[in-house]
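What follows is each chain in one-letter form.
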Amino acid sequence: MAMSEKEADIPSAPIHRIMKRAGAARVSEDAADELRKILENVGAMIAKEAFELAQYAGRRTVKKEDVERAAKTVLRNLPTG
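Residues numbered from 1 in each chain as written. Predicted model: local features only at pLDDT ≥ 70, side-chain atom pairs only at ≥ 80, totals over all residues. Heavy atoms only, no water.

Colleague: What is the right way to read helix α3 (residues 64–77) from this model?
Modeller: For an α-helix, the turn length of 3.6 residues means that residues three or four places apart are oriented alike. Here α3 is 14 residues long and its end C-alpha atoms lie 20 Å apart, about the 20 Å a rise of 1.5 Å per residue gives. Along α3, the residues that are buried comprise D66, A70, A71 and V74. Looking straight down α3, one finds its buried side chains confined to an arc of 130 degrees; they lie on one side. The exposed set on the far side of α3, more than 90 degrees from its buried face, consists of K64, R69, K72 and R76. On its buried face, α3 is in contact with α2 (29–56). (Helix = DSSP H or I, 4+ residues; strand = E, 2+ residues; numbered from the N terminus. Expected span 1.5 Å × (residues − 1). Buried < 20%, exposed > 50% of the residue type's maximum accessible area, 1.4 Å probe, protein only. Arc of directions from axis to C-beta. Contact = heavy atoms within 4.5 Å.)

Okay, structure coming up:
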């Protein structure tokens, strides 16, 4: 079942644009919803890791460098298939 627009943090239109920029001529709503779920989950993992890095450094503010390092860590550890 597709996630409603109100339940999602990322709107549908940008997901469709991303997929079209990647070369897709047409994108089904189910495909866009699946990519949106994946991006939201990965984004949440990166945000959590970035927050933990800021806390470890004794800061309450998450900085760009925290997000960059968190992204490298999370993306490196994602299962590949």
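Colleague: Help me understand the environment of V62, please; the structure alone is not making it clear to me.
Modeller: Checked against the element boundaries, V62 lands in the loop between α2 and α3. Taking the C-alpha atoms as reference, V62 lies 25 Å from P14; in sequence the two are 48 residues apart. Residues contacting V62, with those up to four places away along its chain left out, are A50, F51, A54 and V67.

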